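Commentary on secondary and tertiary structure
One-letter residues, chain by chain:
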Amino acid sequence: MSHIVPEAPQQDKRTRERYLCDDRFRRLEITHPDSGELLSVTPVNFNCYGVAFFASQPLPESGVTKVCLTFESEAGTLRLDNLLAEMIYSLGSDVGCYCGAAFVSAQVETGDTLSELLEIERALADAQNQEDRYGLDDGES
Amino acid sequence: MAYDLKEMRVPVGDLRLGMHVLRLDRPWEETDFLLQGFVINHREEIDALQAQCEHVFIEAKVHMGDIASERLSIDPAADLYNRSETGGGAVARGKKAGDQYKERHAVGKPTTRVTYINKIDVSKEMVTARSAYDQARGMARDIMANIRLGKTLDMHQAREVVDECVSSVLRNGDALLLLTKLKEQHEYTAEHCMNVCILTATFARHLGMLEEEIRKIALCGLLHDVGKSRIPDAVLNKPSALTPEEYKLMQNHAALGRDVLMASPRVEHSCVDVAYNHHERPDGNGYPRGLPATQIPYWAKIVAIVDAYDAITSNRNYDKGRASMEALDIIHRGKGKQFDEELANEFIRCIGIYPPGSIILLSSGEVGIVVAANPKNKLKPRVLLVRNEQQGKREKYRMIDLIQSPADSRGNPYAITKEVPDGTFGVSLRNFLERGLVLGAPTVYED
């Protein structure tokens, strides 16, 4: 299965910046790669090639998942369903499971999907505040 | 001293052993209880009350001293109740205990706040801290091993571990914090307990808790995962991701921790609280009981955040830990759902975006180690450059202070692109520390 993720350097898998997600992600759901169960997860960072998320249940570190997301952009609500993605890492513990999934290029490159993913990426990129990453706005962070 | 007997309404999430239950929020006849009024002697009785009621009424003795109009304390059982809320037995001024309870529930933090300053330079404290850390990690390993063998928890030993660490954190908040960044691959559980103890003490210091409270909550941090000593080794140290069944088994550690601690003599009630509740979530989706936010003890909310941070940044048998900033990202995104929002914000402030010891990739392609945070601008720390533009070895290391806007070889000002996990680009923090990298000292190092 091919990804649109560019070939990554050996020691740092992610070459394209991923942007911190925010509450404009109204929904992020994935199917469990093994059981197919639909799980609601917390989006952490995102770019048009993939998404990192935190789940409250263990997930395998490989396998194919389907991603469903709803994002409130300035232009309106973007809704993407059954986006194929491949699990690329999973770090589990008793506090939850931090995972990364790369969107599958064959599907992403068709139709409007890529432009919608890019729109989300741009919206998140525009909202990044290098001086105040977490919006604590007190010069402390 | 004069006292009054009073009836006090208590949410079932705050019930403690020793409390005298007078009545329930429903008729006794509608419940399983045989006695209409009893002293709670067993944890099972608390579970039964929590299963059948939302609140109960307990008997509280109210002491009225010479300054009765200003100070008020309640005992014996209500004092336990009060202590769990305040995390240290603070005395309210000019307020009734019920009001004090409500206020603490609403504010969720101690009313007394202490500002600490570093009493000793980090480089000097590092010597003591390193020895304390090694010794304490060994003791933490022994504690877990002894419980696994069926021995009683040695609270004296546990307090000794904690006191050494807390004293170091109080002298200087950075030395032990840095040592928590040196993650071993094969000693996760004991190391994690130690790190949560140290990080909890550091966070409690940041929150301005009283010294005595810091010692107590650090002990809670050390013992928060003590229940894992009852989880089979095959699951605990599995060299790959857990299956859903194994994960369920692992989740039992919270209740097992409560049992281990309650069976141990001279255990602080707060330790039982934290071990049992540190996986509860404000959105009610936590375990083991799925408590709502208002019923989760304040200290358990603190340890939950610290626990998550260390778990995400720690190495496992099968995977490397993630960077500090990724852990902060997760905590930030989990605010109000998995983590208490106000405490999560404070924790992010406490750790900082680029804490000393972070490995960072710069806009030039060079790689550096954060040597010291800049108190005026935490986004512009002092950095030791250890890899060149192609991430290869440098002939000479170079110290730069980003607050002074230094330029790279192309004349562009340096900027931090991102933080990467320890070990990335072949940069191991441990190697640099062992070779004498001292935090805060602008030294030039040879390769």
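Below or above, wherever it landed, is the structure these notes cover. Within every chain, residues take consecutive numbers counted from 1 along the sequence as written. Lettering for chains starts from A, numbering for ligands starts from 1, and both go in the order in which the items are written. The model is predicted, so local features are restricted to residues of pLDDT at least 70 and side-chain atom pairs to those at 80 or more, both for listing and for counting; the totals for chains, interfaces and linings are taken over all residues. For the side-chain quantities, the full set of heavy atoms in the structure was used; hydrogens and water were omitted.

**Things to note about the interface of chain B and chain A**
The interface is formed by 45 residues belonging to chain B together with 33 residues belonging to chain A. Of all residues in chain B, Tyr247, Arg333 and Arg349 of chain B give up the largest surface area on contact with chain A, accounting jointly for 20% of the area buried on that side. Between Arg333 of chain B and Asp23 of chain A there is a salt bridge; the shortest N-O distance is 3.3 Å. Polar contacts, as used here, are pairs of N or O atoms within 3.5 Å; protein pairs need one atom able to donate a hydrogen and one able to accept it. Residues neighboring in sequence count only if both atoms are side-chain atoms. Along the contact surface separating chain B from chain A lie 13 residue pairs in polar contact (both at pLDDT 80 or more). Numbering of helices and strands starts at the N terminus; helices are DSSP runs of H or I of at least 4 residues and strands are runs of E of at least 2. Looking at the side of chain B that touches chain A, the elements that each hand over two or more residues are α10 (244-251), α13 (298-313), α14 (324-333), α15 (341-351) and β11 (416-420) of chain B. With seven residues, α14 of chain B is the largest single contributor of residues to the side of chain B that touches chain A. Its residues placed into classes, the side of chain B that touches chain A shows 18 nonpolar, eleven polar and 16 charged. By definition, residues are in contact when any of their heavy atoms lie within 4.5 Å. Buried surface area refers to the total accessible area, computed with a probe of radius 1.4 Å, that the two partners give up upon joining, counted for both partners together. A pair is scored as a salt bridge if a Lys or Arg side-chain nitrogen falls within 4 Å of a carboxyl oxygen belonging to Asp or Glu. When residues are grouped by polarity, Ala, Val, Leu, Ile, Met, Phe, Trp, Tyr, Cys and Pro land in nonpolar, Asp, Glu, Lys and Arg in charged, and all others, Gly among them, in polar.

**Observations concerning the environment of Val383 of chain B**
Residues and elements named next belong to chain B. Here Val383 lies in strand β9 (residues 382-387). Spatially, the C-alpha atom of Val383 lies 9.5 Å from that of Gly357, the residues being 26 residues apart in sequence. Ignoring sequence-local partners within four residues, the contact set of Val383 consists of Ile360, Leu362, Gly368, Ile369, Val371, Arg398, Met399, Ile400 and Leu402.

**So, the packing of aromatic side chains**
Here a pair means two rings of Phe, Tyr or Trp (six-membered ring of Trp) with centres within 6.5 Å. Their orientation is stacked below 30 degrees between planes, edge-to-face above 60, and tilted elsewhere. Applying the stated criterion across every chain, the model contains eight aromatic pairs over all chains. The interplanar angle of 65° and the centroid separation of 6.2 Å between the aromatic rings of Trp28 of chain B and Phe38 of chain B together place this pair among those described as edge-to-face. Of this pair, Trp28 of chain B sits in the loop between β2 (20-24) and β3 (38-39) while Phe38 of chain B sits in strand β3; the two residues are ten residues apart in sequence, bridging distant segments of the chain. Using a 1.4 Å probe on the protein chains alone, a residue whose accessible area is under 20% of its type maximum counts as buried, one over 50% counts as exposed, and one in between counts as partly exposed. Classification of Phe38 of chain B by relative accessible area gives buried; the value is 10%. Three or more aromatic residues joined by ring pairs form one cluster here, namely Phe25, Phe46, Phe71 and Phe103 of chain A. Distance and angle both matter: a charge sits over a ring if NZ of Lys or CZ of Arg is within 6 Å of the ring centre and within 35 degrees of the ring normal. Note that Arg16 of chain A overlies the ring of Tyr49 of chain A, its terminal NZ or CZ placed 5.0 Å from the centroid. When the ring centre of Phe432 of chain B is taken as reference, the NZ or CZ atom of Arg435 of chain B above it lies at 5.3 Å.

**Re the pattern of salt bridges**
As enumerated under the stated definition, the model contains 25 salt bridges over all chains in all. A salt bridge links Asp163 of chain B to Arg215 of chain B; its shortest N-O distance comes to 3.2 Å. Highlighted residues: Asp163 of chain B in helix α5 (residues 155-171) and Arg215 of chain B in helix α8 (residues 211-223), separated in sequence by 52 residues. Classification of Asp163 of chain B by relative accessible area gives partly exposed; the value is 33%. What you see here is one network of salt bridges that share partners, running through Arg27, Glu29, Arg79 and Asp81 of chain A.

**Topic: the packing of α13 of chain B against α15 of chain B**
Residues and elements named next belong to chain B. For every element, the axis is a line fit to its C-alpha atoms; helices are fit only across the contacting stretch, and the angle between N-to-C directions ranges from 0 to 180 degrees. Orientation of α13 relative to α15, taken along the N-to-C sense of each, is 50°, at an axis distance of 10 Å. When the axis of α13 is compared with that of α15, the two are oblique. As α13 packs across α15, the resulting crossing turns out to be right-handed. Residue-level contacts link Tyr298, Lys301, Ile302, Ile305, Val306 and Tyr309 of α13 to Leu343, Ala344, Phe347 and Ile351 of α15. Residues belonging to the contact of α13 with α15 are distributed by class as follows: nine nonpolar, no polar and one charged. The cut-offs work like this: below 35 degrees is roughly parallel, past 145 is roughly antiparallel, 65 to 115 is roughly perpendicular, and the gaps in between are oblique. For a crossing to be left-handed, the near helix must be turned anticlockwise from the far one by less than a right angle; the clockwise case is right-handed.

**As for the sheet that holds strand β8 (residues 96-103) of chain A**
All names here are of chain A. The pairing criterion is simple: DSSP has to find at least two bridges between the two strands. Here we have eight strands laid out as an open sheet, ordered β1-β4-β5-β8-β7-β6-β2-β3, and antiparallel in their pairing. Both edges of this open sheet fall to β1 (19-20) and β3 (38-40), since each of them pairs with a single strand only. Judged from the eight bridges that link them, strand β7 (residues 76-93) and β8 form a sheet pairing that is antiparallel. Each residue of the ladder has a partner; that of Ser90, found in β8, is Cys99.

**Let's talk about the nonpolar core**
By convention a nonpolar core is built from buried Ala, Val, Leu, Ile, Met, Phe, Trp, Tyr and Cys residues, the set being connected through side-chain atoms within 4.5 Å. Judged by nonpolar contacts, the single largest core of 110 residues is most densely connected at Met194, Leu222, Leu223, Leu261, Ile302 and Phe347 of chain B. A per-element tally of this core places helix α7 (residues 188-207) of chain B first, with eleven residues. Listed in part, the 31 residues of the second largest apolar core include Cys21, Leu28, Val67 and Met87 of chain A.

**Details of the pairing of strand β6 (residues 64-73) of chain A**
Residues and elements named next belong to chain A. Most of β6 is tucked away, with seven of its ten residues classed as buried. Pairing of strand β2 (residues 25-31) with β6, which is carried by five bridges, proceeds in the antiparallel orientation. Considered in β6, the bridge of Phe25 is made with Phe71. Hairpin connection from β6 to β7: two residues lie between these consecutive antiparallel strands.

**Considering the pairing of strand β4 (residues 42-47) of chain A**
Residues and elements named next belong to chain A. The element β4 is extensively covered by neighbouring structure, given that six of its six residues are classed as buried. Two strands pair when backbone bridges link them, and β1 and β4 are joined in this way by two bridges, in the antiparallel orientation. If you follow Leu20 over to β4, its bridge partner there is Asn45. Both β4 and strand β5 (residues 50-55) contribute to a ladder of five bridges, which runs antiparallel. Along β5, the bridge assignment pairs Phe46 with Val51. Adjacent in sequence and paired antiparallel, β4 and β5 are bridged by two residues.

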